[in-house]
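Listed below, chain by chain, are the residues.
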Amino acid sequence: MAVHWFPGHMHKALKEMQEALSTVDILIEVLDARLPYSSENPEIARLRGDKPCLKIFNKSDLADPELTAEWQAHLEQDRSIKTYTTSLEDKGNTKHIIELIRQTCAAKNKSIKNITAMIIGIPNVGKSTIVNILADRVIAKTGNEAGVTKNQQRINLGSGIVLLDTPGVLWPKFLNPNSGYRLGISGAVKDTALEYDDIGFFAADYLIKAYPEYLKTRFKLDHIPDTEIEFLESAAKTRGAIMTGGRVNLHKICELLIGEFRTGKLGPVSLETPAMIEAELAEVARIAEKKAADKLKRKERFKDGSLTPDKHDRKEVRTKKRGEQSARDKARQQEINKQKKKRR
Ligand SMILES: Nc1nc2c(ncn2[C@@H]2O[C@H](COP(=O)(O)OP(=O)(O)OP(=O)(O)O)[C@@H](O)[C@H]2O)c(=O)[nH]1
Ligand SMILES: [Mg+2]
């Protein structure tokens with residue numbers, strides 16, 4: 001089942017962000033360092049216009065450092081993009097964001113004195129945590145679940161900078177379904193909108209190929225099986241995720257695997273690479289092209305009427321039957337008339 005979560009409050013939050021935009025000088029888009037592509041909201045790119053935007057890779061303590069560096073180099077090939085990594089573990093680094101905000105705004109408008117920065121991004125990526133670190137006090141509510149911040153909140157840092165914390169938002173449809181799975185695995189989608197078995201299978205399939213050694217150590221396995229189902233079964237046995245009767249509790253082992261990924265217990269793991277995304281987007285484009293071509297073909301077939309083949313066939317059969325019936329009625333009437341004549 002594809003992952004999908006775009007409740008009404010996100011639509012409202014996006015609208016309110018758009019309304020606040022005219023009072024904002026710079027956007028700080030917080031991305032998840034473990035999934036820099038999938039955590040980038042296309043709605044935000046649309047909303048942003050030509051406002052300066054800093055892209056912050058947060059939760060870098062949980063991500064694979066080599067892949068984080070690869071992603072930064074990849075995105076910065078576009079010279080207008082500047083990325084910056086940070087994490088809860090590295091508060092000194094996070095504070096450096098204030099300097100980056102000033103520099104980026106000054107580059108655009110030298111005379112700017114008072115700056116409003118809007119912090120935006122997907123749910124549960126650490127926006128409010130960053131606000132608290134920058135403010136040096138707990139001022140915004142944080143929590144390890146998607147959808148903690150419900151409304152915009154203005155925080156005056158003093159010295160001419162105001163931060164605007166915003167609720168996490170996703171977008172109506174994930175064009176690349178794999179991005180939906182990755183967002184689900186990362187914790188950006190509310191638990192009630194997820195099937196743990198689905199995202200668990202997706203995660204297991206990726207992890208046995210990308211990080212087999214981490215799984216071997218964490219789940220005390222002598223070797224890594226070839227398929228995700230075999231891995232989940234072996235892991236369930238070592239972790240006691242077994243139901244009465246001895247069957248494997250797949251739901252439980254999937255939930256456990258996802259939990260250990262989210263808390264970093266598996267090791268520093270990233271869920272995507274630039275090469276993977278390039279291949280997936282090519283596949284998405286191929287499917288979209290095929291769909292469009294099929295639609296065009298269907299249109300061509302029926303351009304002379306709105307009837308579907310079924311309806312059309314049924315109408316032909318009905319007309320034929322009616323014709324046969326009226327021929328039979330006519331013959332019967334002629335026979336009756338003939339008999340009448342004879343009797344006279
Ligand atoms: N390991 C790790 N955890 C982090 C980091 N930043 C935030 N967290 C945790 O991630 C969870 C979500 O943080 P929040 O700041 O509430 O996230 P948010 O983006 O404001 O979430 P919403 O308000 O729901 O959109 C909390 O449990 C934080 O402690 C980080 O850099 N590393
Ligand atoms: Mg928040």
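Residues numbered from 1 in each chain as written. Chains lettered and ligands numbered in written order. Predicted model: local features only at pLDDT ≥ 70, side-chain atom pairs only at ≥ 80, totals over all residues.

### Side note on the sheet that holds strand β1 (residues 26–32)
Spatial ordering of the open sheet is given by β3-β2-β1-β4-β6-β5, a layout of 6 strands whose pairing is mixed. Unpaired on one side and paired on the other, β3 (83–85) and β5 (153–158) mark the two borders of the sheet. When strand polarity is set aside, the average angle formed by the axes of neighbouring strands in this sheet is 25°. As judged from the 5 bridges shared by β5 and strand β6 (residues 161–165), these two strands associate in the antiparallel manner. (Pairing = 2+ DSSP bridges. Helix = DSSP H or I, 4+ residues; strand = E, 2+ residues; numbered from the N terminus. Axes fitted to C-alpha atoms, helices over the stretch in contact; angles between N-to-C directions.)

### Focus: the site of ligand 1
Close to ligand 1 lie 22 residues, the nearest being G126, T142, N144, T149 and G168. Counting residues per element, the shell around ligand 1 draws most heavily on helix α5 (residues 127–135), at 3 residues. By residue class, the composition of the shell around ligand 1 is 7 nonpolar, 12 polar and 3 charged. (Near = placed C-beta within 6 Å. Nonpolar A, V, L, I, M, F, W, Y, C, P; charged D, E, K, R; others polar.)

### Considerations on the UniProt feature "domain: CP-type G" (unreviewed entry) in the protein
When the UniProt feature table is mapped onto this chain, "domain: CP-type G" (unreviewed entry) is found at residues 11–172. Annotated as residues 11–172, this span is 34% helix and 21% strand, and its ends, taken at the C-alpha atoms, are 9 Å apart. (UniProt positions renumbered as here; feature names shortened; annotations may be inferred.)

### Observations concerning the environment of T217
As for its position among the elements, T217 is in helix α8 (residues 212–218). Sequence separation between T217 and A146 is 71 residues; the distance between their C-alpha atoms is 30 Å.

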